[in-house]
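Chain and residue survey
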Amino acid sequence: MAVFSLSDFADHEQVVFCSDDKSGLKAIIAIHNSNLGPALGGCRMWPYATEEEAVRDVLRLSRGMTYKSAMANLKLGGGKSVIIGNPRTQKTPELLTAFARALEQLNGRYIAAEDSGTSVADMKFMSAITGHVAGIVDKPSDTGIRSGDPSPATAFGTFIGIKAAVKEKLGHDSLEGLRVAVQGVGNVGFDLARQLKEAGASLWVTDIHRDALTRAADELDAVVVPPDAIFGLDVDVFAPCALGAVINDQTIPQLKASIVAGASNNQLAEARHGAELMKRGILYAPDYVINAGGIIDVYHERIGFERSALIRHIEGIYDNLMEIFERARKEERPTGEVADAIAEERFKR
Ligand code: NAD
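Just so we're clear, the structure is a prediction, and the values are computed from it rather than from any experiment. (Residues numbered from 1 in each chain as written. Predicted model: local features only at pLDDT ≥ 70, side-chain atom pairs only at ≥ 80, totals over all residues. Heavy atoms only, no water.)

Inspection of the region around the ligand gives 18 residues, with T154, N187, V188, D207 and H209 positioned closest. Within the side chain of D207, an N or O atom sits 2.5 Å from an oxygen atom of the ligand. In isolation the ligand exposes 820 Å². Once the protein is present, 74% of that is buried. Secondary-structure elements contributing two or more residues to the shell around the ligand are α5 (151–170) and α6 (187–198). Grouping the constituent residues of the shell around the ligand by class yields seven nonpolar, nine polar and two charged. (Near = heavy atom within 4 Å. Polar contact = N/O pair within 3.5 Å; in protein donor to acceptor, adjacent residues only side chain to side chain. Areas by Shrake-Rupley, 256 points an atom, 1.4 Å probe, with all protein chains shown as cover. Helix = DSSP H or I, 4+ residues; strand = E, 2+ residues; numbered from the N terminus. Nonpolar A, V, L, I, M, F, W, Y, C, P; charged D, E, K, R; others polar.)

Further remarks concern unusual backbone geometry. Of note, the phi angle at A245 is positive, near 60°, even though the residue is not glycine. Structurally, A245 can be placed in the loop between β11 (237–240) and β12 (259–260). Given a relative accessible area of 38%, A245 falls into the partly exposed group. One non-glycine residue, N266, lies in positive phi territory at about 50°. Inspection of the secondary structure assignment puts N266 in the loop between β12 and α8 (272–279). (Buried < 20%, exposed > 50% of the residue type's maximum accessible area, 1.4 Å probe, protein only.)

Before going further, it helps to spend a moment on the packing of aromatic side chains. What the rule picks out here adds up to four aromatic pairs. For the ring pair F4 and F9, a centre distance of 5.3 Å and an interplane angle of 85° mean the geometry is edge-to-face. Given the relative accessible area of 17%, F9 is considered buried. Seen from their ring centres, Y67 and F347 are 5.1 Å apart, and the 75° between their planes marks the pair as edge-to-face. With a gap of 280 residues between them, Y67 in helix α1 (residues 51–71) and F347 in helix α12 (residues 335–347) connect regions that are remote in the sequence. Owing to a relative accessible area of 5%, Y67 belongs among the buried residues under this scheme. (Phe/Tyr/Trp six-rings, centres within 6.5 Å; stacked < 30°, edge-to-face > 60°.)

Attention shifts here to the pattern of salt bridges. Under the defined criterion, the tally for this structure stands at 26 salt bridges. For R194, the salt bridge goes to D191, with nearest N and O atoms at 2.8 Å. Placement of both R194 and D191 in helix α6 is noted, with a separation of three residues, approximately one turn of the helix. In this structure, the salt-bridge partner of E344 is K348, at a minimum N-O distance of 3.9 Å. Classification of E344 by relative accessible area gives partly exposed; the value is 26%. A single network of salt bridges, built from pairs that share partners, joins R44, D57, R60, K80 and D115. (Salt bridge = Lys/Arg side-chain N within 4 Å of Asp/Glu carboxyl O.)

Here six strands make up an open sheet; going across it, the order is β10-β9-β8-β11-β12-β13 and the pairing parallel. Edge strands, defined here as strands with exactly one partner in the open sheet, are β10 (223–224) and β13 (283–284). Across five bridges, strand β8 (residues 179–183) lies against strand β9 (residues 202–206) in parallel orientation. What sits directly across from V182, in β9, is V205. (Pairing = 2+ DSSP bridges.)

Counted residue by residue, strand β3 (residues 39–46) has seven buried out of eight residues, so it is predominantly covered. Relative to strand β4 (residues 77–84), β3 runs parallel, the two being bridged by six bridges. Among the inter-strand pairings, M45 is bridged to a residue of β4, identified as I83. Crossover handedness for the path β3 to α1 to β4: right-handed. Pairing analysis gives four bridges linking β3 to strand β5 (residues 110–113), with the strands arranged parallel. Residue pairing for β5: L40 is matched across the bridge by I111. (Right-handed = clockwise from strand over helix to strand, strands pointing away.)

So, about the sheet that holds β3. If you trace the five strands from one edge of the open sheet to the other, you get β1-β2-β4-β3-β5, paired in mixed fashion. Whereas interior strands pair on both sides, the edge strands pair on one side only; in this sheet they are β1 (14–20) and β5. On average, each strand axis in the sheet is tilted by 25° relative to the strand beside it, whichever way the strands run. Set on the sheet, α1 makes contact with β1, β2 (25–33), β3 and β4; between it and β4 the angle comes to about 155°. (Axes fitted to C-alpha atoms, helices over the stretch in contact; angles between N-to-C directions. Contact = heavy atoms within 4.5 Å.)

It is worth spelling out α6 at this point. Compared with an ideal rise of 1.5 Å per residue, which puts 12 residues at 16 Å, α6 spans 17 Å between its outermost C-alpha atoms and is within 8% of the ideal. Within the span of α6, buried status applies to V188, G189, F190, D191, L192, A193, Q195 and L196. Those residues of α6 that are buried lie in contact with α5, β8, β9, α7 (210–220) and β11. Two residues or fewer after α6 comes G200, characterised by a positive phi angle close to 100°. (Expected span 1.5 Å × (residues − 1).)

Attention now moves to the UniProt feature "binding site: NAD(+)" (unreviewed entry) in the protein. Mapped onto the present numbering, the UniProt feature "binding site: NAD(+)" (unreviewed entry) falls at G184, V185, G186, N187, V188 and G189. Here V188 shows up in helix α6. Not counting the four nearest positions on each side in its chain, V188 is found in contact with S151, T154, A155 and A263. For G189, a relative accessible area of 0% puts it in the buried group. (UniProt positions renumbered as here; feature names shortened; annotations may be inferred.)

Next up, the structure:
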């Protein structure tokens, strides 16, 4: 199988294939760019149907991390890792130990954090073998001590990002009376919805889990709608917080919201959908800019956690987005394109 000639290969610095017979480990670690610092990114465990699928995923995701960290002004590069296998049946202590040893061999050039199929507990387990894992420190929060889970920081950053988008598109500083549709009220979506509610917004929510919806309806007075109905609601903001590729040829014509701003990764099915949103006058807050709270949280854990410094850093998402919106307006370009250009200016410098 080719690697250098794959369309997802983007001048990656290093791609490491790791295997361990005894534990069955098959993993790939990709370091896209380390100009700004060590490459930090999640470790995903997934039963990929083919090796090519795994390679493409790790190449694409690691590149995305370079842009996300550069945009968030972190002294970090972009990396990601994938373990091929089913996390429910194949994630054993032996396998995690073998993976932690592989991380150790990279000497800190790549730092792993939790992702789909891995957990804070897995990172804590591996931290006994290697120091090159992150998202493991329990931290103070509004509601007591929270684990290394970055979701509350992601939700806070997304809330700040929605404020920036509302300022740009609607000219308001306040969210009082804002109508927001939240797709997915899981870890990030629920916490985001709570902050929006506290700021005076009205909420419409959807999810595929009944418990999540009942909680949002009971605690946040949110109106519950079926999954397919979330796109066409007469709201100001559509906030995708469930899955990727939700802005596509089928959903764009349904949107009545004038802002798309949420926490999901890879919201645009294809880059051209960013241009399509612009054509329709819909302001898009680029996903990796607005959802950077989690990586900022993990970064602060590594530089010595201080809560007020973390909050200030996450609040910087507002200015980052304003810079993007302003440039996109002046240059008449899609916001996603402008965000990529700014990130490249930062990490290629
Ligand atoms: P989560 O699994 O806790 O929540 C996702 C929610 O979406 C779940 O409640 C799930 O039932 C629901 N969902 C799944 N498919 C759906 C569908 N078709 N329609 C409606 N709801 C659906 O995940 P999370 O940690 O809250 O992350 C949400 C999104 O934000 C993901 O795309 C994730 O990649 C992204 N993100 C998360 C973080 C973080 O810190 N957790 C950081 C950056 C980006």
